[in-house]
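One-letter residues, chain by chain:
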Amino acid sequence: MPTPMQPRSSAEAPAPPLNGTRIQARSVSQRVRGAGRVLDDVSLDLAPGRLTVIAGSSGAGKTVLLQTLAGLRAPTEGAILHDGTQPGSPGPEFGFVPQEDIIHRELPLHRTLVYAAGLRMPAGTPAEAVTARVDRVLETLGLSARASTPVRALSGGERKRACIAVELLTRPRVLFLDEPTSGLDPVTGAALLRTLGALAEEGTTVVLTTHTLADLLRGDQVVFLSPGGEMAYAGEPDALCGAFGVGTVEEVYGAVAGGARAERAVPAGVGETAPPDAGRTGAPPSPPRPRRVGAVRQWALLTRRGTALLLHNRLSAAVLAGSPVMIVAMFAVLFRAGAFAPAAPDPGSTAMIMFWIAFGVFFFGLTYGLLQICAELPVLRREWLAGLRIGPYLASKLTTMLPVLALADALLLVVLRALDRLPATGWTTYGSLFVSSVLASAAALGLLASAAVTEPAQATLMLPLLCFPQVLFSGAFVPVPRMTGAGEAISWAMTNRWAFEALGSGVGLESLWRAGASPLGRPLLESYGDSFGHPAARGWLVLAGFAVLFLVVTWAVLVRKCREGVVRSRAGR
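Residues numbered from 1 in each chain as written. Predicted model: local features only at pLDDT ≥ 70, side-chain atom pairs only at ≥ 80, totals over all residues. Heavy atoms only, no water.

Caption draft 1: Spotlight on the overall build of the protein chain. When its secondary structure is counted, the protein chain shows 20 helices and nine strands. Buried positions account for 53% of the 573 residues belonging to the protein chain. If you take every contact in the protein chain between residues at least 6 apart in sequence, the share linking residues at least 24 apart comes to 77%. Looking at the protein chain as shown, the accessible area adds up to about 24,100 Å², and 61% of this sits on carbon and sulfur atoms. (Helix = DSSP H or I, 4+ residues; strand = E, 2+ residues; numbered from the N terminus. Buried < 20%, exposed > 50% of the residue type's maximum accessible area, 1.4 Å probe, protein only. Contact = heavy atoms within 4.5 Å. Areas by Shrake-Rupley, 256 points an atom, 1.4 Å probe, with all protein chains shown as cover.)

This is how it looks when you write it as structure tokens:
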């Protein structure tokens, strides 16, 4: 292996088995909405088994070129060819590592890779084969000693290698990486480039972008873009400085920024038509694609992984444990015991107790759902490219959420009854209250909000915006019959209104107020109108409809986000 600061020369090592992918760009130009033309007439020929480094100043179009070469963006003009044909949907032979981490941080590294392998490797792969493949990849990347370490405890360089490990699980023929050495110290960055160089020597076509000067000398080929997205140089690393008449890589950046171009930036023959296997004499044809993991298997894997992540995520555990405690403490402080006593009920307190139960269970579902998607969007996008369907993904979220929310709702009702904040009635009443509570907490608004934002900080900002309307337009503080026409229209879209009414109907507020001796009963009943005069099942039906609606919109939002920048969509995802 050459020293870190020396370019690798093909003459110094035996010829690798050419099982990589030949990538050609023919007069490719690219326009991006809001940025205009970011690539201008780029032509390239990337041979199998070589490490290509794409460089240039910020805004030169490095990431756009990488995505275009990978087939994730359709060129505005020109063509991209993979082994002589246009790239199709990414398969197991394709690897792409974006700048963001594409693995969860809560679980140990080995377990994280086992879950990733279960989603990516062919359907029916035995568990022993999955484990063996994970062990082999960890050994290849020098991570065997860190197999039992949680991903969050890995160093920056180790996390980069862990992300690469995910891509190597399916033995890709081509590997694209967007700034893999960004944020790494020079020693760690050099070690990572040596690892990528070794992968290239084994036959994988490796293409990466970089801002690190030393990386330009560690590949087999350098592609240098000008600020306007034109190709200023493409060739051997050791000829880079000489092509611009300068002595250092730093001066190359200055020369290109000043408008300099190498006299021969494009290798000869790039623009010529080449047969699909040009440069790959004797290489076997691509094997047929293996059968991918089915929807049920994906759901089962994702549910197991989601449960494991929940148990290992301290923030989620704190929210799930803290929310019920906070709600119960609020009830104990706000309301006196015995509000539902049949002989002398307290109408005002009974209405407020029902409302705060409705809001409490809504808050459980909202806060838990807000943590579910936005933090793992980069992971979802990459797994979607690898064949993950959005339907099983959302189903796994519900499967993980519902038992936890149902338990929290049940505990809330049990504790409130024990504190005498709920009536001493039979199983029918409490069954109704439980169903109303579960449907209110599982309305999926939190999942929709989590899918709509791009990072957890935005989800935190969404919390008060989603809670305030649910409080104001629930019909508890201002009964729906007393609202303006606009207010009543808005209340129809509030899940908290339907939960409040279903809970009130289930506990029998109307009959309690009508039969009670309190002088407030009848006036309060008149102000609420028929809010509690309908069966609780009416509220259940509306809440279930909202849940379905929110899930459908969440599915559409996630599909759109996963397809951003991707040329071809796959049916069923």
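Caption draft 2: How the structure looks around the packing of aromatic side chains. Applying the stated rule across the entire model yields 18 aromatic pairs. The interplanar angle of 40 degrees and the centroid separation of 6.0 Å between the aromatic rings of Phe-359 and Phe-362 together place this pair among those described as tilted. With a gap of three residues between them, Phe-359 and Phe-362 both fall in helix α10 (residues 347-370), about one helical turn apart. This pair shows no difference in class: Phe-359 is buried, exactly as Phe-362 is. Taken together, the ring pairs in this structure connect Phe-355, Trp-356, Phe-359, Phe-362, Phe-363, Phe-477, Phe-500, Tyr-528 and Phe-532 into an aromatic cluster. If you follow Arg-497 out to its NZ or CZ, it ends over the ring of Trp-492, 5.0 Å from the centre. (Phe/Tyr/Trp six-rings, centres within 6.5 Å; stacked < 30°, edge-to-face > 60°. Lys NZ or Arg CZ within 6 Å of the ring centre and 35° of its normal.)

Caption draft 3: Summary view of helix α11 (residues 377-385). In terms of burial, α11 is largely enclosed, as seven of its nine residues are buried. Along α11, the residues classified as buried are Leu-377, Val-379, Leu-380, Arg-382, Glu-383, Trp-384 and Leu-385. Buried residues belonging to α11 abut β5 (94-97), α2 (109-120), α4 (156-168), α8 (295-312), α12 (390-418) and α20 (536-563). After α11 finishes, the residue Gly-387 shows a positive phi value of roughly 120 degrees.

Caption draft 4: Region of interest: the sheet that holds strand β4 (residues 77-82). Taken in spatial order, the three strands of this open sheet run β2-β1-β4, and their pairing is antiparallel. Each having just a single partner strand, β2 (36-46) and β4 make up the two edges of the open sheet. Pairs of neighbouring strands in the sheet enclose a mean axial angle of 25 degrees, with direction left out of account. The pairing of strand β1 (residues 23-32) with β4 spans five bridges and is antiparallel. Each bridged residue has a counterpart across the sheet, and for Gln-24 the counterpart in β4 is Leu-81. Contacting β1, β2 and β4, helix α1 (residues 62-70) runs over the sheet at an angle of about 55 degrees to β2. (Pairing = 2+ DSSP bridges. Axes fitted to C-alpha atoms, helices over the stretch in contact; angles between N-to-C directions.)

Caption draft 5: Structural view of the side chain of Ser-441. Along the chain, the position of Ser-441 falls in helix α13 (residues 427-441). Within the local environment of Ser-441, its side chain forms a polar contact with the backbone oxygen of Val-438, the two atoms lying 3.1 Å apart. Apart from residues no more than four positions distant in its own chain, Ser-441 is found in contact with Val-361, Gly-365, Leu-405 and Asp-409. (Polar contact = N/O pair within 3.5 Å; in protein donor to acceptor, adjacent residues only side chain to side chain.)

Caption draft 6: Broad picture of the pattern of salt bridges. By the definition in use, this model includes 16 salt bridges. Glu-236 is paired through a salt bridge with Arg-50; the nearest N and O atoms lie 3.4 Å apart. Of this pair, Glu-236 sits in the loop between β9 (231-235) and α6 (240-243) while Arg-50 sits in the loop between β2 and β3 (51-56), and the two are 186 residues apart along the sequence. Judged by its relative accessible area of 21%, Arg-50 falls in the partly exposed class. Between Asp-101 and Arg-159 there is a salt bridge, and its shortest N-O distance comes to 3.1 Å. Placement of Asp-101 in the loop between β5 and α2 and of Arg-159 in helix α4 is noted, with a sequence separation of 58 residues between them. For Asp-101, a relative accessible area of 18% puts it in the buried group. Residue class for Arg-159 comes out buried when judged on its relative accessible area of 18%. In this structure, a network of salt bridges that share partners links the residues Arg-37, Asp-40 and Glu-77. (Salt bridge = Lys/Arg side-chain N within 4 Å of Asp/Glu carboxyl O.)

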